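Residue-level structure breakdown
Now for the letters of each chain:
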Amino acid sequence: MNILLTGGSGFIGSNFVRLVLRERPDYRVTNLDCLTYSGNPENLADIEDDDRYTFVHGNICDLELCTKLMHDCDAVVHMAAESHVDRSIIDARPFVESNVLGTQTLLDALRRADPGGTKRFVHVSTDEVFGDLPLDKPEELFSETTPYAPSSPYSASKAGSDMVARAYAHTFGMPVMITNCSNNHGPYQFPEKVIPLFVTNLIEGKKVPLYGDGKNVRDWLHVEDHCEAVLTVLEKGTPGEQYCIGGNNERSNLELTHAILELMGKGEDMIEPVTDRLGHDRRYAIDATKIKRDLGWEPTRSAWPQALEHTVKWYVDHPRWWQNVKSGAYREYYAKQYGTR
Ligand SMILES: NC(=O)c1ccc[n+]([C@@H]2O[C@H](COP(=O)([O-])OP(=O)(O)OC[C@H]3O[C@@H](n4cnc5c(N)ncnc54)[C@H](O)[C@@H]3O)[C@@H](O)[C@H]2O)c1
């Protein structure tokens, strides 16, 4: 199979490329990525010479380019997006452009190239489209039937993209599937997200900024489990269906922070309480019964605290990667090669 992957130079995308090439020797992956601040070709430095992998520098909002790439592929996995909630609070515009218009452009490109609707399209989304859950009702979980109620500009733009994907599946009979996943952790995550930010801050002797009272709860999944789930949906999912993906692993931000401090041999004095994020969702939690029951997927790499330990160790062992990212040095290098947005 020849997969067109969007956003393959980011965190989850680069882990997906690596997983597919490792587990499906007869598959090829073409990665379409415009290299925003979070897209870093160095995330794939170890496989860039693999002749099953091709990088295309371009934007998912470019209809002509996307149409050409749709002709050349057998299936699409769409991960490209603006992905950071805090940035969406500062400026929502790129979120609507890439996440909503980009998704619509890709789907139009697919319709043009494949009017018969034979090529499967997996739209990778987030559990944040469902809004949040109360802290005092642990029995409540998000599932495929939960109504959409996004609360940040990021989640609103992802909800918009899900609606576009759903409408194209319904209206044009396109074999589109949507996945909604909880928080990922693992190698190559841009260090603005909580785990790599905290680990790299502690290595640098800096404090870790903890939002509000730290009681907000997230469900944590190892990125390879997410990638395996997306591959499962691509291969076995039913067109038009939606699948929730989770790790069954809820932790408060305070609990997560304590676990990281302990792994790094640091004390509570390294916590710096900061003003809470605007509109901060309280709790996310997933009921992943459907994907387990219908497709046989369940997480195998997310057991806590071993999975967290594995992720923390990766950042400790790869200082050159995150130092380059934090200093922006990688951007100067790749800007010369490709230009950047
Ligand atoms: N990180 C998580 O915990 C998480 C959880 C659930 C779902 N998701 C979803 O998974 C996907 C990937 O998330 P991530 O954490 O890897 O994000 P990321 O920010 O690390 O990577 C996003 C990638 O998309 C590329 N991109 C952005 N806009 C583009 C455009 N217009 N054209 C081409 N490329 C573009 C970027 O250059 C980057 O390489 C996103 O759709 C996100 O909403 C993420």
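Residues numbered from 1 in each chain as written. Predicted model: local features only at pLDDT ≥ 70, side-chain atom pairs only at ≥ 80, totals over all residues. Heavy atoms only, no water.

Scanning the chain for helices and strands turns up twelve helices and twelve strands. Computed over C-alpha atoms, the radius of gyration of the chain comes to 19 Å, within 12% of the 20 Å expected from 2.2 N^0.38 for 341 residues, which places it in the range of a compact globule. Along the longest, intermediate and shortest principal axes, the C-alpha atoms of the chain span 60 × 50 × 35 Å. By residue count, 57% of the 341 residues in the chain fall in the buried class. Across the chain, every contact between residues at least 6 apart in sequence was considered, and the portion connecting residues at least 24 apart equals 83%. For the chain, the exposed surface amounts to about 14,200 Å²; the carbon and sulfur share of it is 51%. (Helix = DSSP H or I, 4+ residues; strand = E, 2+ residues; numbered from the N terminus. Rg over C-alpha atoms; globule rule 2.2 N^0.38 Å. Buried < 20%, exposed > 50% of the residue type's maximum accessible area, 1.4 Å probe, protein only. Contact = heavy atoms within 4.5 Å. Areas by Shrake-Rupley, 256 points an atom, 1.4 Å probe, with all protein chains shown as cover.)

Our next topic: the sheet that holds strand β5 (residues 120-126). Strands sit in the order β3-β2-β1-β4-β5-β6-β10 across an open sheet of seven strands; the sheet is parallel. Either end of the sheet is taken by a strand with one partner, and the two such strands are β3 (53-57) and β10 (242-245). Taking the axes of each pair of neighbouring strands and ignoring which way they run, one obtains an average angle of 20° across the sheet. Strands in contact with helix α2 (residues 63-72) are β1 (2-6), β2 (28-33), β3 and β4 (75-78); relative to β2, the strand with the most contacts, it is inclined by about 175°. Packed on one face of the sheet, helix α7 (residues 223-236) meets β1, β4, β5, β6 (176-181) and β10 and runs near 145° to β5. (Pairing = 2+ DSSP bridges. Axes fitted to C-alpha atoms, helices over the stretch in contact; angles between N-to-C directions.)

Moving on, we get to the sheet that holds strand β11 (residues 250-252). Strand order in this open sheet of three strands is β7-β9-β11, and the pairing throughout is mixed. Two strands in the sheet have a free side with no partner beyond their single neighbour: β7 (183-185) and β11. Within this sheet the neighbouring strands show an average axis-to-axis angle of 50°, counted without direction. Note that β7 and strand β9 (residues 217-222) share three bridges and pair parallel. Looking at the pairing, Asn184 lines up with Leu221 of β9.

Let us now look at the site of the ligand. Around the ligand, the surrounding shell holds 28 residues, and the nearest of these are Asp33, Ser38, Ser83, Tyr154 and Lys158. Between the ligand and the protein, one listed contact pairs an oxygen atom with a side-chain N or O atom of Asp33 at 2.5 Å. For the ligand, the protein covers 97% of the area, taking 830 Å² as the surface of the free molecule. Breaking the shell around the ligand down by element, the ones donating at least two residues are α1 (11-23), β5, α5 (153-172) and β7. In the shell around the ligand, the residues fall into eleven nonpolar, 15 polar and two charged. (Near = heavy atom within 4 Å. Polar contact = N/O pair within 3.5 Å; in protein donor to acceptor, adjacent residues only side chain to side chain. Nonpolar A, V, L, I, M, F, W, Y, C, P; charged D, E, K, R; others polar.)

This part covers the pattern of salt bridges. Two side chains with opposite charge may pair up if their charged atoms get near one another. Using the criterion set out here, one finds 24 salt bridges in the structure. With a shortest N-O distance of 3.5 Å, Glu23 and Arg301 are connected by a salt bridge. Within this pair, whereas Glu23 is found in helix α1, its partner Arg301 is found in the loop between α9 (289-295) and α10 (306-317), the two being separated by 278 residues in sequence. Given the relative accessible area of 27%, Arg301 is considered partly exposed. A salt bridge links Asp50 to Arg52, with the shortest nitrogen-to-oxygen separation between them at 2.7 Å. Its relative accessible area of 17% is what places Arg52 among the buried residues. (Salt bridge = Lys/Arg side-chain N within 4 Å of Asp/Glu carboxyl O.)

One finds Phe16, Val17, Val77 and Ile291 to be the most contacted residues of the largest nonpolar core, which totals 44 residues. Of all elements in the fold, only β1, α1, β4, β5, β6, α7, β10 and α9 reach the threshold of two or more residues within this core. At seven residues, α7 tops the list of elements feeding residues into this core. Not counting residues up to four positions away in its chain, the partners in contact with Phe16 are Leu5, Val77, Met79, Cys227, Val230 and Leu231. (Core = buried A, V, L, I, M, F, W, Y, C linked by side-chain atoms within 4.5 Å.)

Another aspect to go through is the packing of α1 against α7. Across the interface, α1 lies against α7 with an axial gap of 9 Å and an inter-helix angle of 65°. In terms of crossing hand, the pair formed by α1 and α7 is right-handed. On α7, the residues touching Phe11, Ile12, Asn15, Phe16, Leu19, Val20, Arg22 and Glu23 of α1 are Val223, Glu224, His226, Cys227, Glu228, Val230 and Leu231. Each residue belonging to the contact of α1 with α7 can be placed in one class, and the counts come to nine nonpolar, two polar and four charged. (Left-handed = near helix turned anticlockwise from the far one by under 90°.)

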